[in-house]
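Residue-level structure breakdown
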Amino acid sequence: MTSEQLKGKDALDVSASETIASETAASETAANETAANETAASSKTKKKGKKEKKPKKQLTEKQKTVRALRRLITKIVIVAAAAAILLTWVGSVAVCHDNNMFPAVRDGDLIITYKLGGYYNDDIVLYNMGGIRRIGRVVAIPGDVVDIDDNGGFYTLNGTMPYETIYFATRKAKDSTVSFPYTVQEGEVFIFNDMRDDTYDSRMFGGVSELEGKVVLLIRRRGF
């Protein structure tokens, strides 16, 4: 190969190298520009997000107090409403002020009653008679026939003497218009006091219809 041919070949190699270098530089420049554009866009997005997020407004002590009071009042109203519904439709609370149901219920005992459901013999119930709340024991329900033997001091239910854990002598009430045998009418129950000497119960006024629930919980507040 002649010297002229060698020179031509060298010139071609240099030209190719320059072309490759130029293309590489252009590629690197384009990549750098793309990365720069992406970085700028990301930065703008972050700045935009930061601008859109508003800082929380700090509450003053007065505003905090007002908010706390509102929450407390709301809770009180909700609790009061729930208690009113329970005491009106579901149950009631009362304090015994007599010993007419001694020893089962004593003077000073706190009782809680349940109004839903039916009433059965031997249930202790809270009832209203003459505007006064009283406590007594159901001895007969609708359809039952109650009779009292004054001489023997016992009562019969549907012709038989019912079993009682503690025997109580039972006699009729004096000056009462209730006649025996007595048939309990629909919607009422017949009630005795456990202290049978206290005859102010169904022996005096007949069947009871104004019932305020049967006793489901008793809290003894005195130690006798």
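1. Topic: the pairing of strand E6 (residues 154-157)
As defined by bridge partners, strand E5 (residues 145-149) adjoins E6 across four bridges and the pair is classed as antiparallel. Pairing of Ile148 across the sheet is with Tyr155, part of E6.

2. Observations concerning the nonpolar core
Grouped together as the largest cluster of nonpolar side chains are twelve residues: Val139, Ala140, Val146, Ile148, Tyr155, Leu157, Val178, Phe180, Tyr182, Val184, Phe190 and Phe192. Beyond its immediate chain neighbours, meaning those up to four positions away, Val146 contacts Ala140, Tyr155, Thr156, Leu157, Phe180, Pro181, Tyr182, Val184, Phe190 and Phe192.

3. Quick word on the sheet that holds strand E3 (residues 124-129)
Across the sheet, which stays open at both edges, the six strands sit in the order E1-E2-E9-E3-E4-E8 with antiparallel pairing between neighbours. Only two strands of the sheet have a single neighbouring strand rather than two, namely strand E1 (91-95) and strand E8 (190-192). Averaged over neighbouring strand pairs, the angle between their axes works out to 50° when direction is ignored. Bridge analysis of strand E4 (residues 132-140) against E8 gives three bridges, and the strand direction is antiparallel. Pairing of Arg137 across the sheet is with Phe192, part of E8. Across the face of the sheet, helix H2 (residues 61-90) comes into contact with E1 and strand E2 (110-114) while running at roughly 90° to E1.

4. Brief notes about the sheet that holds E6
One open sheet accounts for three strands, arranged E6-E5-E7; its pairing is antiparallel. Each having just a single partner strand, E6 and strand E7 (182-183) make up the two edges of the open sheet.

5. Concerning a nonpolar patch on the surface
A contiguous nonpolar surface patch, about 480 Å² in accessible area, is contributed by Leu69, Leu72, Ile73, Ile76 and Val77. When you line up the elements, Val77 lands in helix H2.

6. Details of the pairing of E2
Side chains Ile111 and Thr113 of E2 all project onto a buried face; the interleaved residues Leu110, Ile112 and Tyr114 project onto a face where none is buried. In this sheet, strand E9 (residues 211-219) lies alongside E2 in antiparallel orientation, the contact comprising five bridges. Of the residues in E9, the one forming a bridge with Leu110 is Ile219.

7. Details of the packing of aromatic side chains
When we look at a pair of aromatic rings, we describe it by the centre distance and by the angle of the planes. Evaluated as defined, the whole model comprises six aromatic pairs. On the numbers, 5.1 Å between centres and 45° between planes, the contact of Tyr182 with Phe190 is tilted. Arranged with centres 5.2 Å apart and planes meeting at 75°, the rings of Tyr200 and Phe205 form a pair that is edge-to-face. Through successive ring pairs, a cluster of aromatic residues spans Tyr155, Phe180, Tyr182, Phe190 and Phe192. Lying over the aromatic face of Phe192, Arg203 brings its terminal NZ or CZ to 5.1 Å of the ring centre.

8. Description of the side chain of Asn100
Tracing the backbone shows Asn100 in the loop between E1 and E2. From its side chain, Asn100 meets the backbone oxygen of Ile135 in a polar contact 2.9 Å long. With residues up to four places along the chain from it excluded, the contact list for Asn100 reads Arg134, Ile135, Asn193, Asp194, Met195 and Asp198.

9. Quick notes on the pattern of salt bridges
Applying the stated criterion to the full structure yields six salt bridges. Between Asp122 and Arg137 there is a salt bridge; the shortest N-O distance is 3.1 Å. Pair noted here: Asp122 is in the loop between E2 and E3 and Arg137 is in strand E4, with a separation of 15 residues, a long-range link. Relative accessible area serves as the criterion here: at 52%, Asp122 is assigned to the exposed category.

10. Comments concerning the confidence of the model for the protein chain
With 74% of its residues at a pLDDT of 70 or more, the protein chain has an overall mean of 82. Low pLDDT (under 50) marks residues 5-12, which in the prediction has one contact with non-local residues, meaning those over four places away or in another chain.

11. Digging into the side chain of Thr170
By secondary structure assignment, the location of Thr170 is in the loop between E6 and E7. Owing to a relative accessible area of 0%, Thr170 belongs among the buried residues under this scheme. Setting aside its immediate chain neighbours within four residues, Thr170 contacts Ile148, Asp149, Gly153, Phe154, Tyr155, Phe192, Arg196 and Arg203.

12. Some remarks on unusual backbone geometry
In this structure, Pro103 follows Phe102 across a cis peptide bond, with omega equal to 10°. Residue position: Pro103 is located in the loop between E1 and E2. Phi at Asn158 takes a positive value of approximately 55°, unusual for a residue other than glycine. Mapped onto the secondary structure, Asn158 falls in the loop between E6 and E7. For Asn158, a relative accessible area of 43% translates into the label partly exposed. Despite not being glycine, Asp175 shows a phi value in the positive range, around 60°. Along the chain, Asp175 turns up in the loop between E6 and E7. By relative accessible area, Asp175 is classed as exposed at 80%.

Parameters and conventions
Residue numbers run consecutively from 1 along every chain, following the written order of its sequence. In keeping with the model being predicted, local features are shown solely for residues with a pLDDT of at least 70 and side-chain atom pairs are shown and tallied solely at 80 or more, while totals for entire chains, interfaces and linings include all residues. Heavy atoms from the whole structure form the basis of all side-chain values; hydrogens and water molecules are not counted. What makes two strands pair is DSSP finding at least two bridges between them. Secondary structure elements follow DSSP: runs of H or I no shorter than four residues count as helices, runs of E no shorter than two count as strands, and numbering proceeds from the N terminus. Nonpolar core, defined: a set of buried Ala, Val, Leu, Ile, Met, Phe, Trp, Tyr and Cys residues in which side-chain atoms within 4.5 Å join the residues together. Note on classification: 1.4 Å probe, protein chains only; a residue is buried when its accessible area is under 20% of the maximum for its type, exposed when over 50%, partly exposed between these limits. Should any heavy atoms of two residues lie within 4.5 Å, those residues are counted as being in contact. Lines fitted to C-alpha atoms define the axes here, with helix axes fitted over just the stretch in contact, and angles between the N-to-C directions of these axes take values from 0 to 180 degrees. Patch definition: residues above 30% relative accessible area lacking any salt bridge, with like charges linked at up to 9 Å and the nonpolar side chains Val, Leu, Ile, Met, Phe, Trp and Tyr linked at up to 5 Å. The accessible surface values rely on the Shrake-Rupley method and a 1.4 Å probe; as for residues, cover is taken only from the protein chains in view. Only one rule defines a salt bridge in this text: a Lys or Arg side-chain nitrogen within 4 Å of an Asp or Glu carboxyl oxygen. Each Phe, Tyr or Trp ring, with Trp reduced to its six-membered ring, pairs with another whose centre is within 6.5 Å; inter-plane angles below 30 degrees give stacked pairs, above 60 give edge-to-face pairs, and intermediate values give tilted ones. The rule is short: NZ of Lys or CZ of Arg within 6 Å of the ring centre and within 35 degrees of the ring normal puts a charge over the ring. As used in this structure description, the phrase polar contact means that two N or O atoms lie within 3.5 Å; if the pair is within protein, one of them must be able to donate a hydrogen and the other to accept it, and residues adjacent in sequence are counted only when both atoms belong to side chains. You can read pLDDT as the predictor saying how much it trusts each residue, on a scale of 0 to 100.

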